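# Coordinate inspection notes
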Amino acid sequence: MYTIGRLAKKFNLSRSTLLYYDSMGLLKPSSRSQGEYRLYSEADANRLEQICTYRQAGLALKDIANVLDSPDHSLVAVLENRLEELNQDIRKLREQQRFIVGLLQNRALFDRIGVMNVKTWTSLLSACGFSHGDMLRWHVHFERQTPEKHRQFLEFLCLPDREIEVIRSWAATYEEDSAGAQEDEE
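Residues numbered from 1 in each chain as written. Predicted model: local features only at pLDDT ≥ 70, side-chain atom pairs only at ≥ 80, totals over all residues. Heavy atoms only, no water.

### What to know about the packing of aromatic side chains
The description of two aromatic rings rests on the distance between their centres and on the angle between their planes. This is how the line gets drawn: Here the aromatic set is Phe, Tyr and Trp, taking the six-membered ring for Trp, and pairing holds for ring centres within 6.5 Å; pairs whose planes are under 30 degrees apart are stacked, those over 60 apart are edge-to-face, and all others are tilted. The secondary structure listing takes helices from DSSP runs of H or I that are at least 4 residues long and strands from runs of E that are at least 2 residues long, numbered from the N terminus. For every residue, the accessible area (1.4 Å probe, protein chains only) is compared with the maximum for its type, and the residue is labelled buried under 20%, exposed over 50%, or partly exposed between those bounds.
Applying the stated criterion across every chain, the model contains 7 aromatic pairs. Seen in terms of ring centroids, Trp 121 and Trp 138 are 5.7 Å apart; in terms of plane orientation they differ by 50°. Their pairing is tilted. Separated by 17 residues along the polypeptide, Trp 121 in helix H6 (residues 118–127) and Trp 138 in helix H7 (residues 132–145) bring together distant segments of the chain. Here Trp 138 falls in the partly exposed class, since its relative accessible area comes to 24%.

If you want it as structure tokens, here you go:
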């Protein structure tokens, strides 16, 4: 059996965290000592380990409680929801990065923020031997085969929403024969 202090120390948590988990019903002690001190079993320690794992993934305590206590709550659904929340947060942070670079009026700062951007992507394709026409055809093919993935990729390149819509609209209506003509013009 673990005392509250020993269990907290084992998981590098504060005693008050375990008291809070107890108050909300997330982690109740299995028993009490003669002096009414909380005592935790090995099963309680295993539950706390799961709680810590899910907290590390950023799950809310209520979601953790639902997953651990309700067999009808799917861990997969909760984790997928958390992943989408993270994706939205990352998109917002990237937008803030782009906005700050714009405020500073220094596009060279894109290289310092550590994200893929259009300049880096096109230079990679050029280094692989892609011509401008090849790149145009690549976008057309990507948009027609998997439009949602194409949109996600363009977001990954940190393009503004209006530019993404222009590219997608253009790629969806693009005539294959004109790609070769444009390539010849360059």
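We are not done yet, so read on.
### Section: helix H3 (residues 42–56)
The condition is simple: By this rule the span expected of a helix is its residue count minus one, scaled by 1.5 Å. Only heavy atoms enter the contact rule, under which two residues are in contact if any of them lie within 4.5 Å. Within 3.5 Å is the distance limit for a polar contact, defined as a pair of N or O atoms, with the added protein rule that one can donate a hydrogen and the other accept it, and that residues adjacent in sequence qualify only through two side-chain atoms.
With 15 residues, H3 should cover 21 Å at 1.5 Å per step; its first-to-last C-alpha distance of 21 Å lies within 8% of that length. The set of residues buried in H3 consists of Asp 44, Ala 45, Arg 47, Leu 48, Ile 51 and Tyr 54. Residues of H3 that are buried sit in contact with strand S1 (2–3), helix H1 (4–10), helix H2 (15–23), strand S3 (38–40), helix H4 (61–69) and helix H5 (75–104). Put simply, Ser 41 is the residue that caps the front of H3, since its side-chain oxygen is 3.3 Å from the backbone nitrogen of Ala 43.

### Overview of the packing of helix H8 (residues 147–156) against helix H9 (residues 161–173)
Keep this limit in mind: For helices, the fitted axis covers only the stretch in contact; all axes are lines through C-alpha atoms, and the angles between them, taken along N-to-C directions, range from 0 to 180 degrees. Should the near helix be turned anticlockwise from the far one by less than a right angle, the crossing is left-handed, and should it be turned clockwise, the crossing is right-handed. Each residue gets one label: Ala, Val, Leu, Ile, Met, Phe, Trp, Tyr, Cys and Pro are nonpolar, Asp, Glu, Lys and Arg are charged, and the others, such as Gly, are polar.
In contact at an axis separation of 10 Å, H8 and H9 are set at 140° when each is read in the N-to-C sense. With respect to the hand of their crossing, H8 and H9 are arranged in right-handed fashion. Within the contact between the two elements, H8 uses Pro 147, Glu 148, His 150, Arg 151, Leu 154 and Glu 155 and H9 uses Ile 164, Ile 167 and Arg 168. Residues of the contact of H8 with H9, tallied by class, amount to 4 nonpolar, 1 polar and 4 charged.

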